[in-house]
Amino acid sequence: MHVFQVGQPYNPNVRTWPEGVHIGGLSEQRMEILVSFTRPTDVEMQAFRDTSDVVEVGLASHGSLVLFLAKIPGVFDWTDCPYDARLMPPSQ
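Residues numbered from 1 in each chain as written. Predicted model: local features only at pLDDT ≥ 70, side-chain atom pairs only at ≥ 80, totals over all residues. Heavy atoms only, no water.

Asks: Honestly, the sheet that holds strand E5 (residues 76-84) in this entry has me stumped. Any pointers?
Replies: The strands making up a sheet associate through backbone hydrogen bonding, with each pair oriented either parallel or antiparallel. Read across the open sheet, the three strands follow the order E3-E4-E5; overall the sheet is antiparallel. Looking at which strands have only one partner, the edges of the open sheet turn out to be strand E3 (56-62) and E5. On average, each strand axis in the sheet is inclined to that of its neighbour by 20°, with strand direction left out of account. Of the pairings in the sheet, the one linking strand E4 (residues 65-72) to E5 comprises eight bridges and is antiparallel in character. The residue of E5 that forms the bridge with Phe-68 is Cys-81. (Pairing = 2+ DSSP bridges. Helix = DSSP H or I, 4+ residues; strand = E, 2+ residues; numbered from the N terminus. Axes fitted to C-alpha atoms, helices over the stretch in contact; angles between N-to-C directions.)

See the structure below:
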């Protein structure tokens, strides 16, 4: 089983990800949120490690469009990550 760690590859088989916030591993039971930086600073990585800061999240939807919203202190104020539910395979 792969262990997720701040500052380590999300998927050891993939070397580059587009910078930004991405939704992956979406199913009826879970949703994985990936925040990818080309060159994260020490401050940004520490912000993810710091469990004393409150991460605010929100979810909005309209039709098949789902917006994941997040505010991570020290990283970004508010950001959104759109996902179209029509992209999910019918088996999920």
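Asks: Explain the layout of surface pockets here, please?
Replies: In this model, the largest pocket occupies a volume close to 870 Å³. Lining of the largest pocket is provided by 30 residues; of these, Gln-5, Gly-7, Gln-8, Leu-34 and Val-35 occupy positions nearest its centre. (1 Å grid on protein atoms, 1.4 Å probe; cavity = no way out; pocket = protein on both sides within 12 Å on 5 of 7 lines; lining within 4 Å. Points joined across faces, edges and corners; volume = space filled by probe spheres on them.)

Asks: Mind showing me how you'd approach the nonpolar core here?
Replies: One recurring pattern in soluble globular proteins: nonpolar side chains tend to sit buried together. Within the largest apolar cluster, eleven residues are counted, these being Val-21, Ile-23, Leu-26, Ala-47, Phe-68, Ala-70, Ile-72, Val-75, Phe-76, Cys-81 and Tyr-83. Aside from chain neighbours lying at most four places away, what touches Tyr-83 is Ile-23, Leu-26, Ser-64, Leu-65, Val-66 and Met-88. (Core = buried A, V, L, I, M, F, W, Y, C linked by side-chain atoms within 4.5 Å. Buried < 20%, exposed > 50% of the residue type's maximum accessible area, 1.4 Å probe, protein only. Contact = heavy atoms within 4.5 Å.)

Asks: I'm lost on the environment of Ser-27 in this one. Help?
Replies: Within the fold, Ser-27 resides in the loop between strand E1 (20-24) and strand E2 (32-36). Take Ser-27: its relative accessible area is 22%, and that puts it in the partly exposed class. Put simply, Ser-27 and Met-88 are 61 residues apart on the chain and 8.0 Å apart in space, counted from C-alpha to C-alpha.

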